[in-house]
Amino acid sequence: SEDTGFKMFDANDVSWDGSPFSAIPVDAIESLKVAQELHSTPALATGWIRVNVAKTPFESQKIRQALAFSINRVEIIDHILQGQQIPATGIVPTAMGVTDTPYFQDGDVERAQALFNEALDEMGISHEKFPEVTLTYGSGDRSHTIAQALQSQWQSALGIQVRLEPLEKKVYFDRISKKNYTLALGDWIADFNDPINFLEVFTKDAGTNNTNWSSPRYGELLQTSYETADKEQRKQILKRSEELIMNEMPVIPLYHYTLL
């Protein structure tokens, strides 16, 4: 367990605690920083929220964007994760070098509120009639704390009610595979060191795309990237692909992992 591993490290019974063998307890991170015993490096992994675009009210692109823009990622990293994670405004880890420019501003509540109100007008419903949203996630203390933070931020920024639905991991993955969810907290860890490994997750026929979202243009861009030998040209194609999916927002990026 996290606590057992850290206690062994603290007692000098082991020389290393943390990735890739175990996780360091969150409440131990600050003391390790002070003692200069904490080391981190960017990991090729992204925490995100899948959005089922076939479920009301997430057929609306503006609602999806409003939820994404209203999240304060820095606050979640600084006060919950505390592991020097990187705020994510794209799904590809910044360490992969597709872009060094954010696709949107973190915690842009003003823009989020404007989009939310526009969406309500387009849907012809009042704020009071906005349906309750359910956030599904695999049970665990860290996931639950992140989910609570998202629930609080969305309530504060947009005034919406979010029901939290923690599930045992096997049930969680079954629900995601059957697209039986509205919002789902999760992540993706690279199988190999290439941005395409993240972008392919959301292609139309991919078994990993559980969002009910598809875009012919997105598929065309990725296909072109397969056929492009020039590295810089390919990078620009992948950047346009990521820009497209961040505009459509079937997945809301939260943070890029670090190894501690």
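Residue numbering note: each chain is counted from 1, following its sequence as written. Selection of residues for local features in this predicted model requires a pLDDT of at least 70, selection of side-chain atom pairs for listing and counting requires 80 or more, and totals for whole chains, interfaces and linings are taken over all residues. Each side-chain value is derived from all of the structure's non-hydrogen atoms; neither hydrogens nor water enter the calculation.

What about the environment of Lys-179?
Keep this limit in mind: Helix and strand assignments come from DSSP, with helices taken as H or I runs of at least 4 residues and strands as E runs of at least 2, each series counted from the N terminus. For the exposure calls, accessible area comes from a 1.4 Å probe over protein chains only, and a residue counts as buried if that area is under 20% of its type's maximum, exposed if over 50%, partly exposed in between. Note on contacts: a residue pair is in contact if any heavy atoms of the two residues lie within 4.5 Å.
As for its placement among the helices and strands, Lys-179 is situated in the loop between helix H7 (169–177) and strand E5 (183–189). Of the residues examined, Lys-179 reaches a relative accessible area of 32% and is grouped as partly exposed. Separated by 104 residues in the primary sequence, Lys-179 and Glu-75 place their C-alpha atoms 30 Å from one another. The contact partners of Lys-179, leaving out residues within four places of it in the chain, are Asn-52, Lys-55, Asn-209, Asn-210 and Asn-212.

A closer look at the pattern of salt bridges
Test applied: Salt bridges are counted wherever a side-chain nitrogen of Lys or Arg sits within 4 Å of a carboxyl oxygen of Asp or Glu.
Counted by the stated rule, this structure contains 8 salt bridges. Between Glu-220 and Arg-217 there is a salt bridge, with the nearest N and O atoms lying 3.5 Å from each other. Highlighted residues: Glu-220 and Arg-217, both in helix H9 (residues 216–226), separated by 3 residues, approximately one helical turn. By sharing partners, the salt bridges in this structure join Lys-62, Glu-118 and Glu-122 into a single network.

A short note on the pairing of E5
Which entries qualify depends on this criterion: Any two strands are treated as partners once DSSP identifies two or more bridges connecting them.
As paired elements, strand E1 (residues 41–51) and E5 share 7 bridges and run antiparallel to each other. Residue Arg-50 lies in a different strand from E5, and its bridge partner there is Ala-184.

Overview of the packing of helix H3 (residues 61–70) against helix H6 (residues 141–158)
How we decide: Think of each axis as a best-fit line through the C-alpha atoms, taken over the contacting stretch in the case of a helix, with angles from 0 to 180 degrees between the N-to-C directions. Put simply, angles under 35 degrees are roughly parallel, angles over 145 are roughly antiparallel, angles from 65 to 115 are roughly perpendicular, and the rest are oblique. The crossing is said to be left-handed when, going from far helix to near helix, the turn is anticlockwise and less than a right angle, and right-handed when the turn is clockwise. Any residue outside Ala, Val, Leu, Ile, Met, Phe, Trp, Tyr, Cys, Pro, Asp, Glu, Lys and Arg is labelled polar, Gly included; the first ten of those are nonpolar and the last four are charged.
One way to put it is that H3 packs onto H6 with a least axis distance of 9 Å and a crossing angle of 110 degrees. Regarding the angle of H3 to H6, the classification is roughly perpendicular. In the packing of H3 onto H6, the handedness of the crossing is right-handed. Between H3 and H6, the residues in contact are Ala-66, Leu-67 and Ser-70 and Gln-153, Trp-154, Ala-157 and Leu-158, respectively. Across the contact of H3 with H6, the residue classes tally to 5 nonpolar, 2 polar and no charged.

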